[in-house]
Amino acid sequence: IHEDCGIFGGWGHPDAARLTYFGLHALQHRGQEGAGIVSNDHGRLCGHRGLGLLTQVFSDEAEIARLKGDRALGHVRYATSGSSSVDNIQPFLFRFHDGDVALSHNGNLTNCVSLRERLEDEGAIFHSNSDTEVLMHLIRRSPRATFMDRLKEALNTVHGGFAYLIMTQTEMIGALDPNGFRPLSLGQMKNGSYVLASETCALDIVGARLVRDIRPGEIVVVDDDGYRIERYTDNTQLAICSMEFIYFARPDSNIYDINVHSARKRMGARLAGESPADADMVIAVPDSSLSATP
């Protein structure tokens, strides 16, 4: 389960892997267990991943330099269950006879166990105990004609809160669950290249402007012609996880045009108004005990 992870991808930047590294660095607070980047060099996908912080996984400059191409996606992992194994570190890189695909995921599938059991009974072989793999098995087993149609069918099969980032040889695709439980934003660099990130703070660090937040039930497709938005369901209701504003997100990020720091201040004011006694207790805490508070 990946309840709080960070995903970042770039398309059309001459040093996409390094751009992704800096984007992930801004999202390091979302996951410290492991990190990985997959680059796309004219359709050839290549990746590096490992356990530890981003700076530990990419401590050797050669690992970034090896990931050539003007397209890349990355992931920083925090798992609430599942083993701390490199097998579970994303992005997952799948090599198929008709083209390679990379996949990153932030979220939690509530029907993962039943889907996995069904897929295994049908002959699927899983290489990790991550729920992320389930989506790719569903895509590959779909009888639909195109990759997009197979993806839409798979997204309507999985349940839960999720943000997916997928890279094929020719496209970078982002997808959000029907409730927008996890955030995902599209940005654009000054050179015209596009980036997708879990939080707007990652757009800021790479110098990208916010184009739009991805909405519930939407798929954003980025390719050499720009970007387009598609939908896989109209049964949507925006219900962003409150923990994004309370704990997960960085204070300088904006989620659906709401600044996280400002939201936290308003929540504190509301708490003080509703429970003055609790507010007095907070104020009475000695300053020395607050010295480590961010």
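This text follows the structure it describes.
Residues numbered from 1 in each chain as written. Predicted model: local features only at pLDDT ≥ 70, side-chain atom pairs only at ≥ 80, totals over all residues. Heavy atoms only, no water.

Caption draft 1: Just the pairing of strand β10 (residues 194–197), in detail. Where burial is concerned, the two faces of β10 agree: the one with Y194 and L196 and the one with V195 and A197 are both buried. Pairing of strand β1 (residues 6–11) with β10, which is carried by four bridges, proceeds in the antiparallel orientation. From the neighbouring strand, W11 faces β10, where its bridge partner is Y194. Of the pairings in the sheet, the one linking strand β9 (residues 185–188) to β10 comprises four bridges and is antiparallel in character. Pairing of Q188 across the sheet is with Y194, part of β10. The turn linking β9 back onto β10 is made up of five residues, and G192 within it adopts a positive phi angle of 95 degrees. (Buried < 20%, exposed > 50% of the residue type's maximum accessible area, 1.4 Å probe, protein only. Helix = DSSP H or I, 4+ residues; strand = E, 2+ residues; numbered from the N terminus. Pairing = 2+ DSSP bridges.)

Caption draft 2: Structural context of helix α1 (residues 16–26). Most of α1 sits out of view: eight of its 11 residues are buried. Of all the positions in α1, only A16, A17, L19, T20, Y21, G23, L24 and A26 are classed as buried.

Caption draft 3: Up close: the sheet that holds strand β8 (residues 172–176). Strand order in this open sheet of six strands is β5-β6-β7-β8-β12-β13, and the pairing throughout is antiparallel. Strand pairing shows two members of the sheet lacking a second neighbour, β5 (92–96) and β13 (226–231), which therefore form its edges. Within the sheet, the average angular offset between the axes of one strand and its neighbour, ignoring direction, is 20 degrees. Sheet topology note: the β5/strand β6 (residues 99–109) ladder contains five bridges and is antiparallel. Bridged to R95 within β6 is D100. Along the sheet, helix α5 (residues 132–141) makes contact with β5, β6 and β7 (160–167), crossing β5 at roughly 20 degrees. (Axes fitted to C-alpha atoms, helices over the stretch in contact; angles between N-to-C directions. Contact = heavy atoms within 4.5 Å.)

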